[in-house]
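Listed here are the chains, written in short residue letters.
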Amino acid sequence: MTDFDADRETIVRAYLYGFPLVFNLDQVTRYTTTGVGANPAAPFNAFSHARTLAGPADTFVTINNDTLYSMAQIDLSVGPVELSVPDTAGRYYVLQFVDAWTNNFAYVGHRATGTGAGRFLLIPPSWSGDTGDAVVIRFPTTVASIVGRWAVSGDDELPVVHALQDATTLTPQDAEAVPVGLAAPDPSVPESARFLEKLRVWSQQFPPAPRDQPLQDSLAPTGIAATGPSPYASISLSEAARLVGDLDAARETLHTALTHGSSPEANGWKLTFHAFDYNLDYFEVGALDDPEFKMTDPKLRIVERAAAALGGLWGNHPYEAAYIVTYVDDQGEQLTGSRTYTLRLDPPPPVSAFWSLTMYSVPDFYLVENPIGRYSLGDRTPGLVRDEDGALTITISRERPEDDSAAANWLPAPSGDFRPVMRMYEPDPAVLDRRYTVPAITRSKG
């Protein structure tokens, strides 16, 4: 097979480079065909609104339990699409725009554009024409995602948020145009080469940022530059077997990058504030073109982009929401449901919007089923009990605490390993410059 002659090192590089694109567009496919959990399937250029907060049935990596999701997969092969948003009367929301390569390139909402009503015109990469009086958002790739999040403090607020969701609309200018959608990988390609086939097809349909084109070109020995019939359709048994081993090595490399990456640590928490700062080229409304939020190391940027997709696809820039994660307790050992822990926040995180601590299973990073249906805990959780000095002590365990105060502040854990995530929406500068840090999760004695 003349188009496929890559060694393991090149396969690993191709996997790290292409993982965000492939993983992302696989999720785009889910949202437009089957739906995900509380979000029903919706066609391109239409919103899918979750009417309930996410739970364990929503099998999406590191999904939040703080907001209702409004998801839209946009295909601007139809031409411009108008986005209309209602007045939310101060309620926090964000519409995050993510291109095919997972670059966050625009934001609409509380922080970025305010909470008044607005009109935005979404236009393809090279389109030119009359934009009227709408705010223009130019897409880097013709297919991209809008990830909408609406703050909800309790079930009593659901009707209000449902009305806001319904008032958020997408209207193609050409009502008769049919979206092209995602190019179809060759179905005859064996499973061992399916990843490379998707990368080949989709990297050609959605060219990367110009700065990344030389890297993509250097990966041609993997076959991803081949046009026409797939070079993987006639792969030999020996080549298929070798690919299995090469891609297993690539996945292990990515897992290592995720769990032992370059993000700084404090008290066992990985401060992934800048894990989504790999977009260096596309800055539309709400996205800050600021060196503070740009990765400078070109090789590290590719690895971190892949790790961010695996560990928290569609995460925000830190000025919108700051994330920290931990796998370990105060003794450096893996967090597990066989033990009981506490986290004492004195004071809780300083934010302009809100904060939460959410429980996730390992290695899937899904929400965890539990007897009280509590998947996260934060400043909007009713009934929390403060310590006498005003601090908040959270108990993390598999079994319900016997003490009533501890039970009020209980974040249930799975029976096996877990990874909590702290989210701080619109964080205070003290969070990002590390003047404020979250303490270690402490293992209880006994």
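For the structure, check the block above.
Residues numbered from 1 in each chain as written. Predicted model: local features only at pLDDT ≥ 70, side-chain atom pairs only at ≥ 80, totals over all residues. Heavy atoms only, no water.

*Asks:* Where do I start with the packing of aromatic side chains in this structure?
*Replies:* When we look at a pair of aromatic rings, we describe it by the centre distance and by the angle of the planes. Applying the stated criterion to the full structure yields 19 aromatic pairs. For the pair Tyr-17 and Trp-101, a centre-to-centre distance of 5.1 Å together with 50 degrees between the ring planes defines the contact as tilted. With Tyr-17 in helix H1 (residues 8–33) and Trp-101 in the loop between strand S4 (93–99) and strand S5 (104–109), this residue pair connects regions lying 84 residues apart in the sequence. Take Tyr-17: its relative accessible area is 0%, and that puts it in the buried class. (Phe/Tyr/Trp six-rings, centres within 6.5 Å; stacked < 30°, edge-to-face > 60°. Helix = DSSP H or I, 4+ residues; strand = E, 2+ residues; numbered from the N terminus. Buried < 20%, exposed > 50% of the residue type's maximum accessible area, 1.4 Å probe, protein only.)

*Asks:* What's the story with the sheet that holds strand S9 (residues 169–172) in this structure? I'm lost.
*Replies:* Backbone-to-backbone hydrogen bonds join strands into a sheet, with any given pair of strands oriented parallel or antiparallel. What the 4 strands build is an open sheet, ordered S7-S6-S3-S9; its pairing is mixed. Each edge of the open sheet is held by one strand with a lone partner, namely strand S7 (135–138) and S9. With direction set aside, neighbouring strand axes in the sheet form an average angle of 25 degrees. As judged from the 4 bridges shared by strand S3 (residues 81–85) and S9, these two strands associate in the antiparallel manner. Of the residues in S9, the one forming a bridge with Leu-83 is Leu-170. (Pairing = 2+ DSSP bridges. Axes fitted to C-alpha atoms, helices over the stretch in contact; angles between N-to-C directions.)

*Asks:* I would appreciate a short explanation of unusual backbone geometry in the present structure.
*Replies:* The bulk of non-glycine residues show a negative phi, and the bulk of peptide bonds are trans. The omega torsion across Asp-346 and Pro-347 is 0 degrees, close enough to zero to call that bond cis. Geometrically, the link from Val-362 to Pro-363 is a cis peptide bond, its omega value of 10 degrees lying close to zero. Despite not being glycine, Asn-45 has its phi angle at roughly 70 degrees, a positive value. At Thr-62, a residue that is not glycine, the phi angle is positive and equals roughly 55 degrees. With respect to the element layout, Thr-62 can be found in the loop between strand S1 (47–49) and strand S2 (67–75). Given the relative accessible area of 11%, Thr-62 is considered buried.

*Asks:* Mind showing me how you'd approach the sheet that holds S5 here?
*Replies:* Taken together, 5 strands build an open sheet; the order of strands is S1-S2-S8-S4-S5 and the sheet is antiparallel. At either end of the open sheet lies a strand with only one pairing partner, and these are S1 and S5. Each neighbouring strand pair of the sheet contributes to a mean axis angle of 20 degrees, computed without reference to strand direction. Here S4 pairs with strand S8 (residues 143–151) via 7 bridges, running antiparallel. Paired with Gln-96 across the strands is Val-147, a residue of S8. Each of S2, S4 and S8 touches H1; the most contacted strand, S2, lies at about 100 degrees to it. This element, helix H2 (residues 158–166), spans S1, S2 and S8 of the sheet and lies at about 10 degrees to S2. (Contact = heavy atoms within 4.5 Å.)

*Asks:* I'm lost on the environment of Gln-334 in this one. Help?
*Replies:* Looking at the element boundaries, Gln-334 is found in the loop between strand S12 (321–325) and strand S13 (341–345). Separated by 117 residues in sequence, Gln-334 and Asp-217 place their C-alpha atoms 40 Å apart. Contacts of Gln-334, omitting those with residues within four sequence positions, involve Tyr-327, Val-328, Arg-339, Tyr-341, Asp-417 and Phe-418. Only 3.3 Å separates the side chain of Gln-334 from the backbone oxygen of Tyr-327, close enough to count as a polar contact. (Polar contact = N/O pair within 3.5 Å; in protein donor to acceptor, adjacent residues only side chain to side chain.)

*Asks:* Looking at this structure, how should I read the pattern of salt bridges?
*Replies:* Pairing is possible between side chains of opposite charge, provided their charged atoms come close. Applying the stated criterion to the full structure yields 25 salt bridges. Here Arg-339 and Glu-333 are joined by a salt bridge, their closest N and O atoms 3.2 Å apart. Accessibility expressed as a relative area gives 35% for Glu-333, which makes it partly exposed. Each of Asp-329, Glu-333, Arg-339 and Arg-443 takes part in a single network of salt bridges with overlapping partners. (Salt bridge = Lys/Arg side-chain N within 4 Å of Asp/Glu carboxyl O.)

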